[in-house]
Amino acid sequence: MSNLRELGHSVRIDAEALAEVGNYFTRLAAAEGLPAGVPQAFDAGYLRHQLPGGVVGTMRRHLEESRLSHLEQAVVEELGRVRESWDGPS
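Just so it is clear, the model here is predicted, and its values are computed rather than measured.

Colleague: Go over the overall build of the chain, please, and point to the residues and values.
Modeller: Helix and strand counts for the chain stand at five helices and zero strands. Walking the chain from its N terminus toward its C terminus, one meets helices and strands in the order α-α-α-α-α. Taking 2.2 N^0.38 as the reference for a compact globule, 90 residues should give roughly 12 Å; the C-alpha atoms of the chain span a radius of gyration of 18 Å, well beyond that estimate. In terms of its C-alpha atoms, the chain occupies a principal-axis envelope of roughly 50 × 35 × 20 Å.

In structure tokens, the structure reads:
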């Protein structure tokens, strides 16, 4: 849902019902002896900043080591602005 909102879409989803369905399938997988899947995170912001996942992980580690983790969102936003200035307006 957050990725759709990030792309400017209006999302009308019943989060409680969605959680109930997710819980159902988690219980079903356990009952069937199947491994529970873990959704892979997708960052819709990637479409703007275009940083590969490994670079994002390294950036997060460097910010954390420098005690600047709170600046992550600002850094990603600036990367998006820089990227746009190179490519021109989208």
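Colleague: Account for the pattern of salt bridges, with residues named and values stated.
Modeller: Counting across every chain of the model gives three salt bridges. Between arginine 60 and glutamate 72 there is a salt bridge, and its shortest N-O distance comes to 2.7 Å. You can see arginine 60 sitting in helix α4 (residues 53–65) and its partner glutamate 72 sitting in helix α5 (residues 72–87), a full twelve residues away along the chain. Among the residues examined, arginine 60 registers a relative accessible area of 43% and is labelled partly exposed.

Colleague: Tell me what's going on with the environment of glutamate 78, and back it up with residues and numbers.
Modeller: Tracing the chain through its elements places glutamate 78 in helix α5. Here glutamate 78 falls in the partly exposed class, since its relative accessible area comes to 39%. Spatially, the C-alpha atoms of glutamate 78 and valine 56 are 14 Å apart, while their sequence positions differ by 22 residues.

Colleague: Please provide a residue-by-residue account of α4, values included.
Modeller: Taking 1.5 Å per residue, 13 residues should reach 18 Å; α4 reaches 18 Å between its end C-alpha atoms and fits that length. Every buried residue of α4 is accounted for by Val56, Met59 and Leu63. Buried residues of α4, viewed axially, fall in a sector of 60°; they line one side. Counted as exposed and oriented over 90 degrees from the buried face of α4: Gly54, Glu64 and Glu65. Residues of α4 that are buried sit in contact with α3 (46–49) and α5. Note on α4: the residue one or two positions beyond its end, arginine 67, has a positive phi of about 55°.

Colleague: Can you tell me about unusual backbone geometry, naming the residues and giving the values?
Modeller: Phi is positive for arginine 67, which is not a glycine, with a value near 55°. For arginine 67, the location among the structural elements is in the loop between α4 and α5.

Colleague: Got a sec to walk through the environment of glycine 53? Specific residues and values, please.
Modeller: Structurally, glycine 53 is set in helix α4. Given the relative accessible area of 59%, glycine 53 is considered exposed. Each C-alpha atom, one on glycine 53 and one on aspartate 43, is 9.4 Å from the other, the two residues being ten residues apart in sequence.

Analysis parameters
Residues numbered from 1 in each chain as written. Predicted model: local features only at pLDDT ≥ 70, side-chain atom pairs only at ≥ 80, totals over all residues. Heavy atoms only, no water. Helix = DSSP H or I, 4+ residues; strand = E, 2+ residues; numbered from the N terminus. Rg over C-alpha atoms; globule rule 2.2 N^0.38 Å. Salt bridge = Lys/Arg side-chain N within 4 Å of Asp/Glu carboxyl O. Buried < 20%, exposed > 50% of the residue type's maximum accessible area, 1.4 Å probe, protein only. Expected span 1.5 Å × (residues − 1). Arc of directions from axis to C-beta. Contact = heavy atoms within 4.5 Å.

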